[in-house]
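Analysis of the macromolecular model
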Amino acid sequence: MGTVLRRGGPSLDGPRPARAEELPEIVDLVNLVFRSGGGCGPTMQQEFPLLLSAENADHLYIIRKAGQLVAHVGVLRQEMVIEEVRLPVACVGSVATHPQHRRRGYASSLMDFAIQQARRDGCVLMAISGDLPLYSRRGAAAIRPIRHAELPAEWVTAGPVAPQIRPVEPGDVDALAGLLASEPVRYEVSPEKLPLLLDAHLRFGCAGWVWQAGSGSLEAFLLVRHRGPRYHGGPNRGQVVVFAGDRGRLPAMAAAAIRTLGIRALCIDLMPTDDVTAGRLASAGVALQDRQSHWTVVVLDVAGLLERLAPRWADLPQIILRADRDGLVVGAVDDFVRLGTAQEVAAVLFSEPQYWPAAIRRLNEDRRAMLQAVLPVPLADYGLSFV
């Protein structure tokens, strides 16, 4: 049961987890907020089949006013894999308040409740598909820099598309699951859930290709968004949603996508630590620009996060990374500083050194160099798992 609050008007029911039978009302609300303009249809549930599902209802948080559903925050618990480390992550999406009930603190109450519930569930991070003050006031920090590249139509040369490249097919799901699972930094996607996610992307504005070797095995997978309600890249352009597998196949597959879709350019955003893909693009003459990410992350449990990440620096006893109440003590050997805010903790753990908090500059230069051997920790982009 939700807490019934009274704020000088009709009683409020919530914040609380939704019940499965309330899902249709939630879907109606998020469609009203996100899909009521620009010729969009009411497709949110089809676009986000894992988040907006009856099975996930107890992680869909709501507020009712006088019986009417007025606000919603959705959370999908996912697992992020960072090489040998696994992190439980609360991914936030479909944050919506009814247009007639805004500026009354409902979204803030729901976000606070979602954070509380995520901590209770053992999540160490919260990933949010947005960078609004609603999130930054709760410690959300952008991951910087995202490296942005535009692959121009000039990449397309005369002659046929490489014969190993073909459109993705439903029968590829098992092989795709293995290919995605081979990525060292990723969101875990089970073979059972992969068909739902792939179908949701292909039905709403995406096209996909695979590189099939002569043996029949898949060596790479490219998924591109070029239209639909979630596309915001401008006319005659596409945005890479996922690239998995052999990075050496990216140029040819990007060229095939540009030619097949008839677009002028294909955009790709790389996480700060994706040096392999960045190197492949740079060697092909593609310029990379630093940008701020469009999603943010909240460190929910500093001690729990460091405990899980500890294997990454277990062989470097000179590294100092330990929780201190809600903050972080960071340094090397005998030189360290304390970071007290959630944004500072996220910045030093996940962003490149030029974006580290000013307090880090007080460390000896050699000590900062030691930290750079283990930081930043790579994070997975949403990819197929976007909520």
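Residues numbered from 1 in each chain as written. Predicted model: local features only at pLDDT ≥ 70, side-chain atom pairs only at ≥ 80, totals over all residues. Heavy atoms only, no water.

We now examine the overall build of the protein. On a plain count of helices and strands, the protein comes out with 11 helices and 19 strands. A compact globule built from 387 residues should have a C-alpha radius of gyration of about 21 Å, and the protein, at 22 Å, falls within 12% of that. Overall size of the protein, expressed as C-alpha extent along the three principal axes, is 70 × 60 × 35 Å. Scored against the burial criterion, the 387 residues of the protein give a buried share of 53%. Nonlocal contacts in the protein, meaning residues at least 24 apart in sequence, comprise 69% of its contacts between residues at least 6 apart. As displayed, the protein has an accessible area near 17100 Å², and 50% of this comes from carbon and sulfur atoms. (Helix = DSSP H or I, 4+ residues; strand = E, 2+ residues; numbered from the N terminus. Rg over C-alpha atoms; globule rule 2.2 N^0.38 Å. Buried < 20%, exposed > 50% of the residue type's maximum accessible area, 1.4 Å probe, protein only. Contact = heavy atoms within 4.5 Å. Areas by Shrake-Rupley, 256 points an atom, 1.4 Å probe, with all protein chains shown as cover.)

Take the environment of Met271 next. Tracing the backbone shows Met271 in the loop between strand S14 (265–270) and helix H8 (275–283). A C-alpha to C-alpha distance of 22 Å links Met271 and Ala257, two positions 14 residues apart in sequence. Beyond its immediate sequence surroundings of up to four residues, Met271 is in contact with Ile143, Pro145, Ile146, Arg147, Trp295, Leu379, Ala380 and Asp381.

Attention now goes to the pairing of strand S19 (residues 335–339). Both strand S18 (residues 327–332) and S19 contribute to a ladder of five bridges, which runs antiparallel. Its bridge partner lying in S19, Val330 is registered against Val337. The turn linking S18 back onto S19 is made up of two residues, and Val333 within it adopts a positive phi angle of 60 degrees. (Pairing = 2+ DSSP bridges.)

Once that is clear, we can look at the confidence of the model for the protein. The predicted model of the protein has a mean per-residue pLDDT of 92, with 96% of residues at 70 or higher. Every residue in residues 1–8 scores below 50 in pLDDT, and together they form 17 contacts with partners more than four places removed in sequence or on other chains. (pLDDT = per-residue confidence, 0-100.)

What follows covers the side chain of Glu22. On the secondary structure map, Glu22 appears in the loop between strand S2 (12–17) and helix H1 (23–34). At a separation of 3.0 Å, a polar atom in the side chain of Glu22 contacts the side chain of Arg64. Other than its neighbours up to four places away in sequence, Glu22 contacts Arg16, Ile62 and Arg64. (Polar contact = N/O pair within 3.5 Å; in protein donor to acceptor, adjacent residues only side chain to side chain.)

Before going further, it helps to examine the sheet that holds strand S15 (residues 288–291). Taking strand neighbours across the sheet as the criterion, the seven strands line up as S9-S11-S12-S13-S14-S8-S15 in an open arrangement whose pairing is mixed. Strands with a single pairing partner mark the edges of an open sheet, and in this sheet they are strand S9 (165–167) and S15. Pairs of neighbouring strands in the sheet enclose a mean axial angle of 30 degrees, with direction left out of account. (Axes fitted to C-alpha atoms, helices over the stretch in contact; angles between N-to-C directions.)

Moving on, we come to the environment of Arg308. In this structure, Arg308 sits in helix H9 (residues 302–309). Sequence separation between Arg308 and Pro88 is 220 residues; the distance between their C-alpha atoms is 9.9 Å. Aside from chain neighbours lying at most four places away, what touches Arg308 is Val85, Arg86, Leu87, Pro88 and Val124. A polar contact is formed between the side chain of Arg308 and the backbone oxygen of Arg86, at a distance of 3.0 Å.

Quick look at the sheet that holds strand S17 (residues 319–324) now. Within the open sheet, the three strands sit side by side as S17-S18-S19. Their pairing is antiparallel. The two strands at the open ends of the sheet, each matched to only one other strand, are S17 and S19. On average, each strand axis in the sheet is tilted by 15 degrees relative to the strand beside it, whichever way the strands run. Sheet topology places S17 next to S18; six bridges connect them, and they run antiparallel. The partner of Ile320 across the bridge, within S18, is Gly331.

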